[in-house]
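Here is what each chain is made of, one letter per residue.
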Amino acid sequence: SPPGLRVVDDTTATGCGLIDPLFGPAGYCTIDGTIYVSPLWLDVSDQDSALWYVVLAHEWGHHLQSLLGLESTAS
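Below or above, wherever it landed, is the structure these notes cover. (Residues numbered from 1 in each chain as written. Predicted model: local features only at pLDDT ≥ 70, side-chain atom pairs only at ≥ 80, totals over all residues. Heavy atoms only, no water.)

In this section: the overall build of the protein chain. Each helix and strand counted, the protein chain has two helices and five strands in total. In sequence order, the protein chain lays out its α and β elements as β-β-β-β-β-α-α. For the protein chain, buried positions account for 31% of its 75 residues. Across the protein chain, every contact between residues at least 6 apart in sequence was considered, and the portion connecting residues at least 24 apart equals 39%. For the protein chain, the accessible area works out to roughly 4,900 Å², and carbon and sulfur atoms hold 60% of it. (Helix = DSSP H or I, 4+ residues; strand = E, 2+ residues; numbered from the N terminus. Buried < 20%, exposed > 50% of the residue type's maximum accessible area, 1.4 Å probe, protein only. Contact = heavy atoms within 4.5 Å. Areas by Shrake-Rupley, 256 points an atom, 1.4 Å probe, with all protein chains shown as cover.)

The following block contains the structure:
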């Protein structure tokens, strides 16, 4: 099953705790199976849309690791 996808435009409660839109372009929470994306970073990187394919693919990879029961030692 695909991960959830949620835009974080304010401090947001997640299964992994509170996150702030300044946290970075995206992050994955294994507890709720969701990728969180910050619009602040979306605006900055609109000049290079390929960056978003890489960022989302990276976070989706963490989701696959979770589904397969593999532990991630680095993000």
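Here the focus is the nonpolar core. Side chains of nonpolar character tend, in soluble globular proteins, to be buried together. With six residues, the main nonpolar core is built from Ala26, Tyr28, Ile35, Val37, Trp52 and Val55. Taken together, the elements giving at least two residues each to this core come down to strand E4 (26-29), strand E5 (34-37) and helix H2 (50-68). Sequence-distant contacts of Tyr28, defined by excluding residues within four places in its chain, comprise Pro3, Gly33, Thr34, Ile35, Glu59, His62, His63 and Ser66. (Core = buried A, V, L, I, M, F, W, Y, C linked by side-chain atoms within 4.5 Å.)

Assignment of secondary structure puts Ser38 in the loop between E5 and helix H1 (39-45). Owing to a relative accessible area of 0%, Ser38 belongs among the buried residues under this scheme. Separated by 16 residues in the primary sequence, Ser38 and Leu22 place their C-alpha atoms 7.2 Å from one another. Contact partners of Ser38, with chain neighbours within four places excluded, come to Val8, Pro21, Phe23, Gly24, Pro25 and Trp52.

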